[in-house]
Amino acid sequence: MVLNQKGEIMISRQYRDDVSRVAADSFRLQVIAAKEAGSQAPIRRIENCSFIYTRHLNMYFVALTKSNVNPALVFEYLFQKIRVLKAYLGEDFDENSMRNNMTLIYELMDETMDFGYPQNCAVDVLQMYINLANVKPQDEPEPEQLTKQITGAIDWRREGIRHKRNEVYIDVLESVNLMISTSGAILRNEVTGRVQMNTKLTGMPECKFGLNDKLVIEKESAGGKKKPGVEIDDCVFHRCVRLGKFDADRTITFIPPDGEFELMRYRVNDNVNLPFRLIPAVQEEGQTKCSINLKVIANFSEKLFATHVVIKIPVPKNTSKAKIKNSFGRAKYEPEQNAIVWRIKKFPGKATCMLSSDMELVRTVRPKAWDRPAINVDFQVPMFTASGVHVRFLRVYDKSGYHTNRWVRYITKAGGYQVKI
């Protein structure tokens, strides 16, 4: 069921007889009225009934059951339900758009769940036979093809897709998370990445995708010369990937959806190539002066550039003036952020830049030690991966044997990139 912020039921659907709408009053009084949402766990047991819920804007999507269900499955269904509604009603659908499309939502509820079991939640397949008056499917499918697609194993791709040019675009997007202590010790150092694909392929091709995974490379080079590889952990795949083959020999085999999709997510903890090295030095002179010197070194190749580099250097809250000297870029003291913000549009690889600042501080009645927050760095480095992950191959197999153009792009961004001073 879906409730608004007042606890009123907007839409509900009973798939079994073990729970009733009366139970919704208990949820309204004990969760919504008590303002527990957001501060407590999103699972509540009230009167022998389990309430599993999530929020979208000011609405609560709630699943009720008296049986012992897998909560991860229920949450995944709720998230998929919201994703489907976003595709139909827009990213920021609200209470009014829900009330104006009751018939559509009831249809989607019946198609995505049956007797309490999740069914087809693929947006592109649902849009083939459930659509708004102003939304028309690109190709009207035959009834036999539609039935096969709904009940078949490959519901994320329909047959008969044709493209003039067969192309695959691959984006390897990484986020670097770093925390360095005041003594220079690394407290946290990891890379989280995802492989985003945009496929424009004809027919029902099978793809085989390969990264420089250490386990695969060691297996391939057994007895020969060992090639360097990357230890890739915590892999999470799109449902098109055949997990059985990956578990058996670490090969990523799949029939891709048409268009954009996220193929996989991963994490790397070892041998991370940090894009930037920061060397800060802070000196406090009594209660009226403070100086900060910062040296920034780019560790990536001189052929590459970092873009949109923003370095936030914290200063004491009682700073009145700041005299700043920097080698390039623009640096400015911003009192509302209690920091010197240094912006560099283009930072060349292997370059070193310096910043020095002398601050004048206002005397306070009750002197308080400066807690020295961490320096925060934001950046983007195209065609560079901090983890060392790169695409080794993408093979496309199709009955017609057409030629495929492949395009690969790498982008590394800052996640939580912090250096304590």
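Basis of the calculations
- Residues numbered from 1 in each chain as written.
- Predicted model: local features only at pLDDT ≥ 70, side-chain atom pairs only at ≥ 80, totals over all residues.
- Heavy atoms only, no water.
- Core = buried A, V, L, I, M, F, W, Y, C linked by side-chain atoms within 4.5 Å.
- Buried < 20%, exposed > 50% of the residue type's maximum accessible area, 1.4 Å probe, protein only.
- Helix = DSSP H or I, 4+ residues; strand = E, 2+ residues; numbered from the N terminus.
- Contact = heavy atoms within 4.5 Å.
- Pairing = 2+ DSSP bridges.
- Axes fitted to C-alpha atoms, helices over the stretch in contact; angles between N-to-C directions.
- Phe/Tyr/Trp six-rings, centres within 6.5 Å; stacked < 30°, edge-to-face > 60°.
- Lys NZ or Arg CZ within 6 Å of the ring centre and 35° of its normal.
- Expected span 1.5 Å × (residues − 1).
- Polar contact = N/O pair within 3.5 Å; in protein donor to acceptor, adjacent residues only side chain to side chain.

Caption draft 1: Main features of the nonpolar core. Judged by nonpolar contacts, the single largest core of 41 residues is most densely connected at Phe276, Leu278, Val296, Ile311, Phe347 and Tyr417. Broken down by secondary-structure element, the contributors of at least two residues to this core are strand E8 (167-180), strand E14 (276-285), strand E15 (289-298), strand E16 (305-314), strand E19 (339-348), strand E20 (352-361), strand E21 (375-382) and strand E23 (405-419). The leading source of residues in this core is E15, at five residues. Phe276 has contacts with Val296, Ile297, Ala298, Asn299, Phe300, Ala306, Val309, Phe347, Phe379 and Tyr417, leaving out every residue within four places of it along the chain. Of all hydrophobic cores here, the second largest spans 30 residues; its members include Trp156, Val168, Val172 and Leu201.

Caption draft 2: Focus on the sheet that holds E16. Overall, mixed pairing links the nine strands, which are arranged E11-E13-E9-E8-E23-E21-E16-E19-E18 in an open sheet. In this open sheet, the two edge strands, each paired with only one partner strand, are strand E11 (233-237) and strand E18 (330-334). Pairwise comparison of adjacent strand axes, ignoring direction, gives a mean angle of 15° for this sheet. Looking at chain direction, E8 and strand E9 (residues 186-200) are connected through 14 bridges and run antiparallel. Bridge assignment links Ile170 to a residue of E9, and that residue is Met197.

Caption draft 3: A look at the packing of aromatic side chains. Under the definition given, this model contains 13 aromatic pairs. Ring centres of Phe276 and Phe347 lie 5.1 Å apart, and the angle between their planes is 75°; on these two criteria the pair is classed as edge-to-face. Here Phe347 lies in strand E19 and Phe276 lies in strand E14, a separation of 71 residues in the sequence. Exposure class is identical for Phe276 and Phe347. Each is buried. Aromatic ring contacts, followed pair by pair, group Phe276, Phe300, Phe328, Phe347, Phe379, Phe384 and Tyr417 into a single cluster. The ring of Phe305 carries the charged tip of Lys346 above its face, separated from the ring centre by 4.7 Å. Across from the ring centre of Phe393, 4.0 Å away, lies the NZ or CZ of Arg395, which sits over that ring.

Caption draft 4: Just helix H2 (residues 71-89), in detail. Counted at 1.5 Å a residue, the expected span for H2 with its 19 residues is 27 Å, and the 27 Å between its end C-alpha atoms agrees. Within H2 the residues assigned to the buried category are Val74, Phe75, Tyr77, Leu78, Gln80, Lys81, Ile82, Val84, Leu85, Tyr88 and Leu89. The N-capping residue of H2, defined by a side-chain oxygen 3.1 Å from the backbone nitrogen of Ala72, is Asn70. With its phi angle positive at about 105°, Gly90 sits one or two positions after the end of H2.

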